[in-house]
Each structure stands twice: as C-alpha cells, then as structure tokens.
Amino acid sequence: MKNYSIIGKYLLAIMMAAIMSVGFVSCSKDDDGKKGDEESIVGTWMETQESGTKLYLILLPNGYGSWVVEHNGRIDNDGEFTYTYNDNVITISYVDSNTVERLYVIGLTADRLTIKYDDGGRKHVFYRN
C-alpha cells in the first residue's frame, strides 16, 4: 500500500506541474494582439466624401495595397503601394515615387477604420466594402 500512495503522490505532482506549465508557455496577450490587428486591417475599405467622391483603400495580407479615387463612377486617380502596420500606424511606401506616408489608426472595428494622416489633416472614416 505504501508504494501506491507514494506513486500516487508523484503522479499527482507531475500532473500538477504539467497543468501549471501550460499557463506559463501559452502565447502572451501582446503577441496575439499584434497578429489580430494586422489581420483586421486587411481588406477593401471605402470612404464616401461630401462631394460624392469615393476613396478606396485596398490592403492585402502580403503587405501590398492600392488606392482608387472614384468620382461620378469614373476613376480619377489610383496607385499602388507597399505597407507595414505596427503600433496603430500604417506606413505606406508608394510604388511610383519615393513618398512615404504614415496613417495613424485612431479607431478600428470589424467594419470601420478611422485614420488620420501624418500631416495633421482631418480624420478619414472608411467602411469595409
């Protein structure tokens, strides 16, 4: 009987150690948040301005994107860029120029992206399209 109670205590200790180690090894909240944020900005976003002009911001999961300005159903302007997203800042590098622009994400939900350009201009509210 003594052997079984000692073995049982060791098994219990090993099981407790295994259960507790799962908590220490699991991913941190910060790692999950960054990945989730990055995935949540991917998609096609549209802003309709007071003039009726539509601005599309297309963010692909591989760090590439494009933008389109549409007025009265016709494309007025468009372009391509690469981007990174870190700490609520989308850094855009335009393909056709050496221009780098920062978009500060001041609000983000599943269907709404609110940004402010680095020039201190007005905020832009985009909706998932």
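We now examine the sheet that holds strand β1 (residues 43-48). The antiparallel closed barrel is built from eight strands, whose spatial order is β1-β2-β3-β4-β5-β6-β7-β8. On average, each strand axis in the sheet is inclined to that of its neighbour by 35 degrees, with strand direction left out of account.

Within the secondary structure layout, Ser 51 lies in the loop between β1 and β2 (54-59). Its relative accessible area of 52% is what places Ser 51 among the exposed residues. In the structure, Ser 51 is positioned 20 residues away from His 71 in sequence and 8.6 Å away in space, judged by C-alpha atoms. For Ser 51, the side chain forms a polar contact with the side chain of Thr 53, separated by 3.0 Å.

We now examine the nonpolar core. Counting residues in each nonpolar core, the largest one holds 19 residues, and the members touching the most others are Leu 59, Phe 81 and Ile 90. Looking at this core, the elements with two or more residues in it are β2, β3 (64-71), β4 (74-86), β5 (89-94), β6 (100-108) and β7 (112-117).

Rules of the game
- Residues numbered from 1 in each chain as written.
- Predicted model: local features only at pLDDT ≥ 70, side-chain atom pairs only at ≥ 80, totals over all residues.
- Heavy atoms only, no water.
- Pairing = 2+ DSSP bridges.
- Helix = DSSP H or I, 4+ residues; strand = E, 2+ residues; numbered from the N terminus.
- Axes fitted to C-alpha atoms, helices over the stretch in contact; angles between N-to-C directions.
- Buried < 20%, exposed > 50% of the residue type's maximum accessible area, 1.4 Å probe, protein only.
- Polar contact = N/O pair within 3.5 Å; in protein donor to acceptor, adjacent residues only side chain to side chain.
- Core = buried A, V, L, I, M, F, W, Y, C linked by side-chain atoms within 4.5 Å.

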